[in-house]
Amino acid sequence: QVQVVESGGGLVQPGGSLRLSCAASGLTFSIYANAWYRQAPGKERELVANINSLGGSRNYVDSVKGRFTISRDNAKNTAYLQMNNLKPEDTGVYFCKMSRMIAGTVTEYWGQGTQVTVSS
């Protein structure tokens, strides 16, 4: 059974930092791409950052470039999202997604999310 579990969220003041972790089990972690999404109250879920299976390719939404860093440790079956200089608009539930595509078929696994609140 595949499990994807996020952790590391919390309440932080503007300008602060958090590191989110995404631990996955029940799958071959190193062949899955990883992505972080967030959903603010009343808004649609948006892609924040993604990283390919070997960690050689990373992409970020413009609003977090220079502040967030996505990474992964395939030996630990864990992905990370380091968030620095947090802003109130970064508030939301952050979700981790593991995905792979073979022969046009996409397989995805999502975590339950972790709340990040940026407020003074």
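In what follows, the structure referred to is the one given above.
Residue numbers run consecutively from 1 along every chain, following the written order of its sequence. With pLDDT at 70 or above as the cut-off, local features in this predicted model cover only qualifying residues; side-chain atom pairs require 80 or more to be listed or tallied, and sums for whole chains, interfaces and linings still use all residues. Based on all heavy atoms of the structure, the side-chain values leave hydrogens and waters out of the count.

## Comments concerning the pattern of salt bridges
Part 1 of the reasoning: Salt bridges are defined as contacts in which a side-chain nitrogen from Lys or Arg sits within 4 Å of a carboxyl oxygen from Asp or Glu. This structure, assessed with the given rule, holds five salt bridges.
Part 2 of the reasoning: Arg38 is the partner of Glu46 in a salt bridge, and the nearest nitrogen-oxygen pair spans 2.6 Å.
Part 3 of the reasoning: Only protein chains enter the accessibility calculation, which uses a 1.4 Å probe; a residue is then buried when its area is under 20% of its type maximum, exposed when over 50%, and partly exposed in between. The partly exposed category is assigned to Glu46, whose relative accessible area is 31%.
Part 4 of the reasoning: Close ionic contact of Glu108 with Lys97 constitutes a salt bridge, the shortest N to O distance being 3.4 Å. You can see Glu108 sitting in strand E10 (residues 105–110) and its partner Lys97 sitting in strand E9 (residues 92–102), a full eleven residues away along the chain.
Part 5 of the reasoning: One salt-bridge network, in which partners are shared between bridges, spans Arg38, Glu46, Arg67 and Asp90. Helical segments are the DSSP runs of H or I of at least four residues, strand segments are the runs of E of at least two, and each set is numbered from the N terminus.

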